[in-house]
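# Breakdown of the fold
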Amino acid sequence: MKFSIRTYGCQMNERDSEAIAALLVQNGHEQTNVESEAELVIVNTCTIREKAESKALGKLRNLCARKRREPNFIVGAVGCVVQRLENEILKFVPKLDFAVGTRSKAFLPEIIEVIKSGGGPIVDCANEVEFNEKAWGEHKEGEITAYVNIILGCERRCAYCIVPSVRGVEWSREPSKIVEEVQRVVRLGAKEVTLLGQSVLQYGVRNNVWSEDYVSPRGYLEPFPRLMEVTDTVPGIERLRFISSHPARCTDEFARAMSELPSVCEHMHLPLQSGSDEVLKRMRRGYDTQRYREALASMKKYMSGFAITTDVIVGFPGETEEQFQETRRFMEEMKFDNAYIFKYSTRPGTPAAEWEDDVSEDEKIRRHQILLDDQNERGQRINEHLVGTSVEVLVEGVSKRNDDKWSGRTRTNKIVVFDAIGNLEIGDLVIVKISSAMPQTIYGEIEKC
Ligand code: SAH
Ligand code: SF4
Ligand code: F3S
């Protein structure tokens, strides 16, 4: 069948969609990017905030409306909304053919066969604990930047967060399997690999992944630095990244490993959530601002030009104006290169859902806008310092906003837009001299191919 996949949500979902696509292609189906041509559309859903969930459900209902004209058209849902709603999803989208949760996707080809022959609807939210290697290791050719899963689930249970209940228990994948997958994507053309997990520093915490007699060449004792070390040695890997990390687990060894391993980039996405110790405590984040400050300081001690990006939530229950101002001040102190700002959204079943959502929507909008404006001003200031310097850029393709230009990213994960010269190809590493800066993008000319 011709299928297409629509993906909402985080990098975890993007990776899951790639793996689903590869699994279906292996089973004789054909992928198309043109949704109207597809006989089967799968929506990979996100429930992190209420809006994300309603968007995904709206999309599914729209797709189901097509069944009136095309009776054989199949619509399926996968991902976090399915795992949250289970059978209830059929109440929201009655014409849905199948719904498969976050930990049971290996059976999709079989499920599609049943639907094709007139069966269904099928809802499968089985909770496989271990990493299903059969379903999850596949990649397509031609990816310059590739995602590789290292840990499933999350058990940190931040008070506002739905992820632990929809992504299940933590399970760390075996290092040898991860290295095999990294080797495979590099063979298929990837230059940059991002190791994925809700909290990569939980790697090897719940289930032991290193045998007792394993000796790390550089003497690392912690599971994640060891994993970075073995991944770094894969021939052909130019850049290694990971997402996300957690401030409570940023140790000196981790910072040292980042600086010692040549492919590991000088950037970290380290979600802050709030700059108020009182709010952090109620969020159950497991660190205070001092801990965050120290984590960043140790990164900067080992790596010059280190870049830091973050996530912040405004309007958490009980957040006062003063606490919001503390966040503002702390963000300026940390000099974030970029920040994703979210308005708090109550998620059913989370501890914070028991508390009154007492910051009004208007106030959330105001705080959100203030932090965005602050960040724009700060991003501009930080990026202007780069004007006149030369940076290494991995060429990723034609610029999204300007067809005549090319774009890529620095090791510090900044987007760079530049004129293409000569026989430039996607995947090349070039040196670009920076000539101007915007808050989220820098511009320049190629110095060296
Ligand atoms: N595991 C990652 C975060 C994944 S969710 C981590 O902890 O690093 C991505 C971001 O969504 C979070 O960092 C948080 O800022 C935001 N988020 C999570 N739950 C939210 C909620 N209920 N309301 C608003 N934003 C939320
Ligand atoms: Fe959610 Fe916290 Fe887990 Fe991140 S670490 S996914 S915010 S519970
Ligand atoms: Fe959304 Fe699920 Fe990711 S809720 S943010 S797609 S883990």
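The rules behind these values
- Residues numbered from 1 in each chain as written.
- Chains lettered and ligands numbered in written order.
- Predicted model: local features only at pLDDT ≥ 70, side-chain atom pairs only at ≥ 80, totals over all residues.
- Heavy atoms only, no water.
- Helix = DSSP H or I, 4+ residues; strand = E, 2+ residues; numbered from the N terminus.
- Contact = heavy atoms within 4.5 Å.
- Areas by Shrake-Rupley, 256 points an atom, 1.4 Å probe, with all protein chains shown as cover.
- Near = heavy atom within 4 Å.
- Nonpolar A, V, L, I, M, F, W, Y, C, P; charged D, E, K, R; others polar.
- Buried < 20%, exposed > 50% of the residue type's maximum accessible area, 1.4 Å probe, protein only.
- Polar contact = N/O pair within 3.5 Å; in protein donor to acceptor, adjacent residues only side chain to side chain.
- Pairing = 2+ DSSP bridges.
- Domains from an automatic or database assignment.
- Buried area = accessible area lost by both parts, 1.4 Å probe.
- Salt bridge = Lys/Arg side-chain N within 4 Å of Asp/Glu carboxyl O.
- Axes fitted to C-alpha atoms, helices over the stretch in contact; angles between N-to-C directions.
- Left-handed = near helix turned anticlockwise from the far one by under 90°.
- Phe/Tyr/Trp six-rings, centres within 6.5 Å; stacked < 30°, edge-to-face > 60°.
- Lys NZ or Arg CZ within 6 Å of the ring centre and 35° of its normal.

With that settled, the discussion passes to the overall build of the protein chain. If you tally the helices and strands in the protein chain, you get 14 helices and 19 strands. Projecting the C-alpha coordinates of the protein chain onto the three principal axes gives extents of approximately 60 × 55 × 55 Å. A separation of at least 24 residues holds for 72% of the contacts in the protein chain among residues at least 6 apart in sequence. Total accessible area computed for the protein chain in this model is approximately 19,600 Å², and 48% of it derives from carbon and sulfur atoms.

Attention shifts here to the site of ligand 2. Around ligand 2, the neighbouring residues are Cys154, Arg156, Arg157, Cys158, Tyr160, Cys161, Val163, Pro164, Gln198 and Arg285. Grouping the amino acids of the shell around ligand 2 by side-chain chemistry returns six nonpolar, one polar and three charged.

Residue position: phenylalanine 306 is located in the loop between α12 (289–302) and β13 (307–314). Residue phenylalanine 306 is classed as buried on the basis of its relative accessible area, which comes to 7%. Put simply, phenylalanine 306 and threonine 412 are 106 residues apart on the chain and 6.8 Å apart in space, counted from C-alpha to C-alpha. The contacts of phenylalanine 306, once residues within four sequence positions are left out, are Met258, Glu266, His267, Met268, Leu296, Met299, Lys300 and Asp337.

On to the site of ligand 1. Around ligand 1 there are 15 residues in total, and Gln198, Pro271, Gln273, Asp311 and Ser345 lie nearest to it. Note that a nitrogen atom of ligand 1 is positioned 3.2 Å from one of the side-chain N or O atoms of arginine 49. With respect to ligand 1, the side chain of glutamine 198 contributes an N or O atom lying 2.8 Å from a nitrogen atom. Its free accessible area being 550 Å², ligand 1 has 89% of it covered by the protein chains. Listing elements by their share of the shell around ligand 1, those giving two or more residues are β13 and β14 (338–343).

In terms of burial, strand β11 (residues 239–243) is a largely internal element, five of the five residues being buried. Burial along β11 is two-sided: the residues Arg239, Arg241 and Ile243 and Leu240 and Phe242 are all buried. In the sheet, strand β10 (residues 192–196) pairs with β11 via five bridges, with the strands oriented parallel. Residue leucine 195 lies in a different strand from β11, and its bridge partner there is phenylalanine 242.

With that settled, the discussion passes to helix α9 (residues 223–232). Among the ten residues that make up α9, nine are buried, leaving the element largely enclosed by the rest of the structure. Contacts from the buried residues of α9 go to α8 (175–187), β10, β11 and α10 (252–260).

With that settled, the discussion passes to the domain arrangement of the protein chain. When the domains of the protein chain are assigned, the result is domain 1 (2–124), domain 2 (139–265), domain 3 (274–285 + 303–384) and domain 4 (390–448). Domain 2 and domain 4 are separated by 27 Å when their C-alpha centres are compared. Opposite the eleven residues of domain 2 that make contact, domain 4 presents twelve residues. Carbon and sulfur atoms make up 47% of the area that domain 2 and domain 4 hide from each other, which totals about 860 Å². Counting the contacts that link domain 2 with domain 4 gives two salt bridges. Run the count over domain 2 and domain 4 and you get nine residue pairs in polar contact (both at pLDDT 80 or more).

So, about the pattern of salt bridges. Inspection of the entire model under this criterion finds 41 salt bridges. For glutamate 192, the salt bridge is made with arginine 241, and the minimal N-O distance between the two is 3.0 Å. Separated by 49 residues along the polypeptide, glutamate 192 in strand β10 and arginine 241 in strand β11 bring together distant segments of the chain. A salt bridge links lysine 414 to aspartate 337; the nearest nitrogen and oxygen atoms lie 2.7 Å apart. Here lysine 414, found in the loop between β16 (405–409) and β17 (415–419), pairs with aspartate 337, found in the loop between α13 (321–334) and β14; they are 77 residues apart in sequence, far enough to count as distant. For the pair shown, lysine 414 and aspartate 337 are each scored as buried.

A word on the packing of α10 against α12. Two elements in contact, α10 and α12, have axes separated by 9 Å at closest approach and are oriented at 30°. Two packed elements cross with a definite hand, and for α10 against α12 that hand is right-handed. On α12, the residues touching Asp252, Phe254, Ala255, Arg256, Met258 and Ser259 of α10 are Ser298, Met299, Lys301 and Tyr302. The residue makeup of the contact of α10 with α12, split by class, is five nonpolar, two polar and three charged.

Turning our attention to the side chain of serine 274. If you trace the backbone, serine 274 turns up in the loop between β12 (267–269) and α11 (277–283). Note on serine 274: relative accessible area 1%, which makes it buried. Leave out the neighbours within four places in its chain, and serine 274 touches Val279, Leu280, Met283 and Thr327.

Another aspect to go through is the packing of aromatic side chains. Under the criterion given, the structure shown has ten aromatic pairs. Where tyrosine 292 meets phenylalanine 330, the ring centres are 5.9 Å apart and the plane angle is 75°; that geometry is what we call edge-to-face. With tyrosine 292 in helix α12 and phenylalanine 330 in helix α13, this residue pair connects regions lying 38 residues apart in the sequence. You'll find tyrosine 292 and phenylalanine 330 in the same group, each marked buried. Put simply, the rings of Tyr160, Phe316, Tyr344 and Trp355 pair up and form one aromatic cluster. In this structure, arginine 66 is placed above the aromatic ring of phenylalanine 73, and the distance from its NZ or CZ to the ring centre is 3.8 Å.

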